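# Analysis of the macromolecular model
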Amino acid sequence: MHAIPVRRLTFDIPTADDFDPVYMVRNAAVSYNFTGLGLYVAVLEPFIVKSMRRVMDQITDADLREEVDRFCRQEAQHYQQHERFNAVVIAHGYPGLQARVDVLAADFQRFLDERSDKFRIGFVEGFESYTTQAALEILGSRVCDHPRTDPRFGHLFRWHMLEEIEHRNVAFDIYEHLYGGYLYRARMCWVAQSHILRFIRDCTKIMSAADVRRHGEHCRIRPVERVLLAVAPLPKRIRSMLPGYTPHRYEVPESIAEVAGRYSAMADSVV
Ligand SMILES: [Fe+2]
Ligand SMILES: [Fe+2]
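The text that follows walks through the structure, step by step, so that each part is easy to find. Bear in mind the structure is a predicted one, so any value in this text is a computation, not a measurement.

Our next topic: the overall build of the protein chain. A count of helices and strands for the protein chain gives 10 helices and 2 strands. Listing each helix as α and each strand as β along the protein chain from the N terminus yields β-α-α-α-α-α-α-α-α-α-α-β. By the compact-globule yardstick of 18 Å for 271 residues, the protein chain fits well, its C-alpha radius of gyration being 18 Å. Seen through its C-alpha atoms, the protein chain measures out along the principal axes to roughly 55 × 40 × 30 Å. Counting over 271 residues, the protein chain shows a buried share of 56%. Restricting to contacts in the protein chain with at least 6 residues of sequence separation, those with at least 24 account for 86%. Summing over all exposed atoms, the protein chain offers an accessible surface of approximately 12,200 Å²; the carbon and sulfur share of this is 54%.

Now for unusual backbone geometry. The phi torsion at Val25 lies on the positive side, around 45°, for a residue other than glycine. Position of Val25 among the secondary structure elements: in the loop between strand S1 (7–8) and helix H1 (28–55). Exposure remark for Val25: the relative accessible area of 17% places this residue in the buried category. In this structure, Arg26 is a non-glycine residue whose phi angle is positive, near 55°. Structurally, Arg26 can be placed in the loop between S1 and H1.

Glancing now at the packing of H1 against helix H7 (residues 182–215). Packing of H1 against H7 leaves a shortest axis separation of 8 Å and a crossing angle of 125°. The orientation of H1 relative to H7 falls into the category oblique. By crossing handedness, the relation of H1 to H7 is classed as right-handed. Contact residues: Tyr32, Asn33, Thr35, Gly36, Leu37, Leu39 and Tyr40 in H1; Ala192, His195, Ile196, Phe199, Ile200, Cys203, Thr204, Met207, Ser208 and Asp211 in H7. When the residues that make up the contact of H1 with H7 are grouped by side-chain class, the tally is 10 nonpolar, 6 polar and 1 charged.

Those protein atoms acting as donors to the iron ion (ligand 2) are Glu75 (OE), Glu128 (OE), Glu128 (OE), Glu164 (OE), Glu164 (OE) and His167 (NE2), and they sit at 2.0 to 2.8 Å. Here the iron ion (ligand 2) binds 6 donor atoms, and the angle range of 51 to 150° at the metal identifies the geometry as irregular. Counting the intervening residues between successive donors of the iron ion (ligand 2) yields the motif E-x52-E-x35-E-x2-H.

The next thing to look at is the packing of H1 against helix H2 (residues 62–91). At a closest axis distance of 8 Å, the pairing of H1 and H2 adopts a crossing angle of 145°. As for how H1 packs across H2, the hand of that crossing is left-handed. For the contact of H1 with H2, the per-class residue count stands at 14 nonpolar, 5 polar and 6 charged.

This brings us to the coordination of the iron ion (ligand 1). Glu45 (OE), Glu75 (OE), His78 (ND1), His160 (NE2) and Glu164 (OE) make up the full set of protein donors to the iron ion (ligand 1), lying at 1.9 to 2.2 Å. Read in sequence order, the donor residues coordinating the iron ion (ligand 1) give the pattern E-x29-E-x2-H-x81-H-x3-E. The distance between the iron ion (ligand 1) and the iron ion (ligand 2) comes to 3.8 Å, and Glu75 binds to both of them. Pair noted here: Glu45 is in helix H1 and His160 is in helix H5 (residues 151–166), with a separation of 115 residues, a long-range link. On the accessibility criterion, His160 (2% relative accessible area) is buried.

So, about a nonpolar patch on the surface. There is a patch of nonpolar side chains on the surface, built from Val227, Val231, Leu234, Ile238 and Leu242 and spanning about 440 Å² of accessible area. For the nonpolar patch, the secondary-structure elements that each account for two or more residues are helix H8 (223–231) and helix H9 (234–241).

Tyr40, Met52, Val68, Phe108, Phe123 and Phe157 are the most contacted members of the largest nonpolar core, which has 83 residues in total. For this core, the elements supplying multiple residues, two or more each, are H1, H2, helix H3 (97–114), helix H4 (117–141), H5, helix H6 (170–178), H7 and helix H10 (254–266). The element contributing the most residues to this core is H1, with 15 residues. If sequence neighbours within four positions are ignored, Phe108 has contacts with Tyr40, Val43, Leu44, Phe47, Phe123 and His195.

Scoring rules and cut-offs
Residues numbered from 1 in each chain as written. Chains lettered and ligands numbered in written order. Predicted model: local features only at pLDDT ≥ 70, side-chain atom pairs only at ≥ 80, totals over all residues. Heavy atoms only, no water. Helix = DSSP H or I, 4+ residues; strand = E, 2+ residues; numbered from the N terminus. Rg over C-alpha atoms; globule rule 2.2 N^0.38 Å. Buried < 20%, exposed > 50% of the residue type's maximum accessible area, 1.4 Å probe, protein only. Contact = heavy atoms within 4.5 Å. Areas by Shrake-Rupley, 256 points an atom, 1.4 Å probe, with all protein chains shown as cover. Axes fitted to C-alpha atoms, helices over the stretch in contact; angles between N-to-C directions. Parallel < 35°, antiparallel > 145°, perpendicular 65-115°, else oblique. Left-handed = near helix turned anticlockwise from the far one by under 90°. Nonpolar A, V, L, I, M, F, W, Y, C, P; charged D, E, K, R; others polar. Donors = N, O, S within 2.8 Å, 3.2 Å for Na, K, Ca; no water. Tetrahedral: all angles 85-135°; square planar, octahedral: opposite > 155°, others 65-115°. Patch = residues over 30% accessible without salt bridge, like charges linked within 9 Å, V, L, I, M, F, W, Y side chains within 5 Å. Salt bridge = Lys/Arg side-chain N within 4 Å of Asp/Glu carboxyl O. Core = buried A, V, L, I, M, F, W, Y, C linked by side-chain atoms within 4.5 Å.

Next comes the structure, spelled out in structure tokens:
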């Protein structure tokens, strides 16, 4: 099997009635972070696919072309599944949340209309260099397997994070193949990572405010959690911006291969 397999899976989606917004380890801060990530990627990943497809003809390495194609097909699966979960989140009724998603969509449309291929590929690489590290952390922490996590969301994010690890080298390799250049790559890490973190912070604020009113105090983000949320991304951001950074040096634990095998076995199809 190829190292970047394209799996099609069927997910069990919560209904509007049994959706609990505090679905991850029964912690509001953690749950809203995941929900913010899910809302973000459903808009980002179509942008990734379009940006990559636009430069496909410029790739002169046949293996890299296949990897980019597989990368796009994995991302396409991700956003299609997240869209279904996100519809349940939006239906839960958060004043201002859809408007914030609309601003995000307008950002990406502007990037497609007005920015260069180099900006877009750099943006994708800036995002991937952060999320690969986040994915390794998330799978290592086992929050998706936790007994206090809704298994439907655990399943979705475990699968998505696994595939982020599988295609971790592709955005870096295409950036290096087409453009190279340390300073621009580091700048785009800053731009892309700030973009997602700002969005997640805004969503967390919107969702927490609405849920505290209707579900109670356990949905409030405590000051110490706010500080942790602001500080936790920093080591990953710094690492991605260091000269000499490469995703090829990540140590991927052996347990990831076991998770990969499990997901391939349960998939409706794998190519
Ligand atoms: Fe993805
Ligand atoms: Fe990705």
